[in-house]
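Spelled out from the first residue to the last, the chains are:
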Amino acid sequence: MSFSHLGLSDKVLAAVAATGYKTPTPIQDQAIPHVLARRDVLGIAQTGTGKTAAFTLPMLTLLEQGRGRARMPRTLILEPTRELAAQVEQSFAKYGANHKLNVALLIGGVSFGDQDLKLTRGVDVLIATPGRLLDHFERGRLLLSGVELLVIDEADRMLDMGFIPDIERIGKLVPFTRQTLFFTATMPPEIRHITEQFLHNPVRVEVARPATTVATTTQLLVRSGRESHEKRDTLRRLIRAADGLKNAIIFCNRKREVATLYRSLVRHGFSVQALHGDMDQPARMAALDEFRRGEVTLLVASDVAARGLNIVDVSHIYNFDVPPHPDDYVHRIGRTSRAGRSGTAITIVAGASDAKAVAAIEKLIGQTIPWMDKQPQPDDAIAPSRHAAPPPAQAARQRHRGRTDARHQSNRPTGPVRRIDDARPRRAPQPAPARADDGDAAHLPAFLLRPVPLKA
Ligand code: AMP
């Protein structure tokens, strides 16, 4: 089946052809004709299923008629995070290459003035996070009474992030007669309630059972000691022993852990960036771009920061912490095996409470996750990592970028990324020194690691 039977306009079809997509994904196939017929749609789909194009493509077709008026957007897309909002904006740029539409992004961390200027020019598509949208509305800079189509994306994440009251408020500010497209990966009771409030006689499109994991992802569990430094040690061994690791996202449960693990990996010479909610917007975008472009191999992230990120072709996911909510597991490992590719997701299990959380995950996904039968061998502190920090030329480029973006620099290690391999002897000392923490061996001067010849 091709895109041509869906009812999309010629301009949209040309843009789709230019991106190289041959066949619509199931959510596109099922949702697009209903969106074009002006029906409300309840889409139950995870990220990675092609749901962004499922609403972007028909919206572009519908928007070919009419124009946006100043401060009165014609369509509104709500996203839970700034990164997701930016990703949707990129989709409009890609699929809307043949259109002359004004797309505006209202997200936190970006100046009000620039956003306000865009609003005055008349907006066809407004993509926003709920808080920033309401800020603009309360300042009287925005009217929502012209919204013909409302998209609520990643609704279950909005729930997790406490945005439901904001969403309910926004629902009252847009016209009752608008068309609504509502996407969620899972259907907890609160979401069911809000769909009843928001949608009028919706078409329900479900492309995969809620909370299913992709069959092409190899899922594994690995045991570790409970202490944070023991987990970091386990993670390093896993990364060094990984087969076919192209790039990896490492998930932590807390922002603080993201920062600690990031610093530790930098100390150990890995090529790594971090992504968490405390970073300012330019730093988050820069970290993400570096990872997307393959300039760094590893991205340490928290759930909120990484939710729904569309980074095609992530080969490995590591759960440094077992997520407390089973749903998050599904979302995390959904970052790999996208667009038909295969991937590996490894979860570090440390102690009884982790085992309990894993049992809840297995119940949700309806399958048992096998244990890695071969534990990775003890950390070889001397062998250069295959996933080490970039070669000097690349590191220099990164340093240069770091200097030109002071705000970004605040989320990097102070000073350049060190190649610790270079500072160390090439041969493993016997016996290996005992370690108080994972950072210690990395900081021992080389002469202390040399074997001491014993006198007869
Ligand atoms: P999404 O679920 O919207 O995050 O999309 C996941 C990925 O699938 C994105 O990288 C899209 O570019 C890609 N994609 C979307 N639709 C198609 C399609 N029909 N064929 C191939 N790839 C697609």
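Please read all numbers here as calculations on a predicted model, not as lab measurements.

Below, the discussion takes up the overall build of the protein. Secondary structure assignment for the protein yields 19 helices and 13 strands. Looking at the protein alone, contacts between residues at least 24 apart form 77% of all its contacts between residues at least 6 apart. Working note: accessible area of the protein is about 20200 Å², and carbon and sulfur atoms make up 54% of it.

Let us now look at helix α12 (residues 281-292). Spanning twelve residues, α12 covers 16 Å between terminal C-alpha atoms, matching the ideal 16 Å at 1.5 Å per step. Those residues of α12 that fall on the buried side of the exposure criterion are Q281, A283, R284, A286, A287, L288, E290 and F291.

So, about the confidence of the model for the protein. Scored by pLDDT, the protein comes out at a mean of 80, with 77% of its residues at no less than 70. Throughout residues 380-384 the model reports pLDDT below 50, and contacts reaching past four residues in sequence, or to other chains, amount to eleven contacts. The model gives residues 392-456 a pLDDT under 50, and that stretch makes 85 contacts with residues more than four places away or in other chains.

Further remarks concern the site of the ligand. Around the ligand sit 16 residues in total, of which Y21, Q28, G48, G50 and T52 are the nearest. Between a nitrogen atom of the ligand and a main-chain N or O atom of T23, the distance comes to 2.9 Å. A distance of 3.0 Å is found between an oxygen atom of the ligand and a backbone nitrogen or oxygen belonging to T49. Here the ligand, which alone exposes 500 Å², has 85% of that area covered by the protein. Class assignment for the residues of the shell around the ligand results in four nonpolar, nine polar and three charged.

Here the focus is the packing of helix α2 (residues 26-36) against helix α3 (residues 51-63). Packed helices, taken two at a time, are described by the angle their axes make and the gap between the axes. The contact between α2 and α3 brings their axes to 9 Å, and the two run at 30°. Considering their axes alone, α2 and α3 lie roughly parallel with respect to each other. As for how α2 packs across α3, the hand of that crossing is right-handed. Residue-level inspection shows I27, Q28, A31, I32, V35 and L36 of α2 in contact with α3, the latter providing K51, A53, A54, L57, P58, T61 and L62.

Another point: the packing of aromatic side chains. This structure, assessed with the given rule, holds two aromatic pairs. The interplanar angle of 40° and the centroid separation of 5.4 Å between the aromatic rings of F55 and F183 together place this pair among those described as tilted. Taken together, the positions of F55 in helix α3 and F183 in strand β6 (residues 179-184) put the pair 128 residues apart, joining distant regions of the chain. Side by side, F55 and F183 carry an identical accessibility label, which is buried. Over the ring of F112 we find R132, and its NZ or CZ is 4.1 Å from the ring centre. Over the aromatic face of W371 sits the side chain of R223, whose NZ or CZ is 3.8 Å from the ring centroid.

Conventions used here
Each residue is numbered by its place in its chain's sequence as written, counting from 1. Local features in this predicted model are restricted to residues whose pLDDT is 70 or higher, and side-chain atom pairs enter the listing and the counts only when it is 80 or higher, whereas totals over whole chains, interfaces and linings include all residues. Just so you know, side-chain values use all the structure's heavy atoms and leave hydrogens and water out. Going along the chain from the N terminus, every DSSP run of H or I of four or more residues is numbered as a helix, and every run of E of two or more is numbered as a strand. It only takes one pair of heavy atoms within 4.5 Å for two residues to be counted as in contact. Accessible areas in this description were obtained via Shrake-Rupley with a 1.4 Å probe; residue shielding takes into account the shown protein chains only. Expected span of a helix, by definition, is 1.5 Å for each gap between consecutive residues, and there is one gap fewer than residues. For every residue, the accessible area (1.4 Å probe, protein chains only) is compared with the maximum for its type, and the residue is labelled buried under 20%, exposed over 50%, or partly exposed between those bounds. Confidence of the predictor at the level of single residues is captured by pLDDT, which takes values from 0 to 100. Here a residue is considered near a molecule or strand provided that any single heavy atom belonging to it is located within 4 Å of it. Between N or O atoms, a polar contact is any pair within 3.5 Å; within protein, one atom must be a potential hydrogen donor and the other a potential acceptor, and residues adjacent in sequence are included only when both atoms are from side chains. Throughout, the ten residues Ala, Val, Leu, Ile, Met, Phe, Trp, Tyr, Cys and Pro are labelled nonpolar, Asp, Glu, Lys and Arg are labelled charged, and all others, Gly among them, are labelled polar. Working convention: axes come from line fits to C-alpha atoms, limited for helices to the stretch in contact. Angles between N-to-C directions cover 0 to 180 degrees. With respect to orientation, any angle under 35 degrees is reported as roughly parallel, any angle over 145 as roughly antiparallel, any angle of 65 to 115 as roughly perpendicular, and every other angle as oblique. By definition, any crossing whose near helix is turned counterclockwise from its far helix by less than a right angle is left-handed, and any crossing with a clockwise turn is right-handed. Planes of paired rings set the category: under 30 degrees apart is stacked, over 60 is edge-to-face and the rest tilted, where pairs are Phe, Tyr or Trp rings (Trp by its six-membered ring) whose centres lie within 6.5 Å. We count a charge as sitting over a ring when the NZ of a lysine or the CZ of an arginine lies within 6 Å of the ring centre and within 35 degrees of the ring normal.

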